[in-house]
Amino acid sequence: MLLQLLALLPYALCIPRAAVKAPNGPQGPAGAVLKYDLLQNNYPGATYGAFLATYADPCLNSNMSCNHNNEMQTYLPDSASQAANGEITIKAERHSDGWITSARLESYQLWTTAQDPSIKNRGYLEVRATLPAKVNGGDFTGSWPAIWMLGNGNGAGWPAHGEIDIVEMVNGNPKCVMSTHSSSHHGGNPQHPPANP
């Protein structure tokens, strides 16, 4: 379904939480209406809203059975939590023994635009997120928080089914990275919006 959603207009706020209060309601194009609040709605089988917190071992060169990048952290469901207002927090942590933990939230088989004909082929998705960044130099080496969507099969057959990277914050660099991946543009060669390097 993702390839059908290339008309989707992702919106991400990469702003410090203390400096700006998020506006109420959809902020998208004229006529945008809230159809699904993926944080507030209760979806069967989900941990938080329409998302399932999943467990995953580190995905290093020695463990090629996994479906995510060469990552050193262990994904633990307990590394995510949800506040009463619906806000989800993911805590990444390097433990004293060097072990790195974080959380991975998925909506696979819980929610999809295909479940509603009015948004199946065209829709608007709004994401509000605060991501770690170092604005005065330095970086969070190895930190790569990302919000993205995959096509059918949750990554099976990637990149043919497509991927939309709504926002990625690479190593804490305060620059939002957005891109699309497809059969012709994937890995280190995705397509970026014109104003996004």
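These numbers come from a predicted model, not from an experiment.

Enquirer: Which residues make up the sheet that holds strand β6 (residues 93-94), and what are the values?
Expert: If you trace the three strands from one edge of the open sheet to the other, you get β3-β7-β6, paired in mixed fashion. Each edge of the open sheet carries a strand with a single partner, namely β3 (74-75) and β6. Bridge analysis of β3 against strand β7 (residues 100-102) gives two bridges, and the strand direction is parallel. Bridge assignment links T74 to a residue of β7, and that residue is T101.

Enquirer: Could you give an account of the packing of aromatic side chains, with specific residues and numbers?
Expert: Counted by the stated rule, this structure contains one aromatic pair. Centroid distance Y36 to W111: 6.0 Å. Interplanar angle 70°. Geometry classified as edge-to-face. Linking Y36 in the loop between β1 (11-14) and β2 (52-54) with W111 in the loop between β8 (104-106) and β9 (126-129), this pair joins segments that are 75 residues apart in sequence. On the accessibility criterion, Y36 (25% relative accessible area) is partly exposed.

Enquirer: Provide a residue-level description of the sheet that holds strand β10 (residues 146-150), including the pertinent values.
Expert: Spatially, the three strands line up as an open sheet ordered β10-β11-β12, and their pairing is antiparallel. Edge positions in the open sheet fall to β10 and β12 (177-181), since each of these has one partner strand only. Ignoring strand direction, the axes of neighbouring strands in this sheet form an average angle of 10°. As paired elements, β10 and strand β11 (residues 163-168) share five bridges and run antiparallel to each other. From the neighbouring strand, L150 faces β11, where its bridge partner is E163.

Definitions and limits used
- Residues numbered from 1 in each chain as written.
- Predicted model: local features only at pLDDT ≥ 70, side-chain atom pairs only at ≥ 80, totals over all residues.
- Heavy atoms only, no water.
- Pairing = 2+ DSSP bridges.
- Helix = DSSP H or I, 4+ residues; strand = E, 2+ residues; numbered from the N terminus.
- Phe/Tyr/Trp six-rings, centres within 6.5 Å; stacked < 30°, edge-to-face > 60°.
- Buried < 20%, exposed > 50% of the residue type's maximum accessible area, 1.4 Å probe, protein only.
- Axes fitted to C-alpha atoms, helices over the stretch in contact; angles between N-to-C directions.

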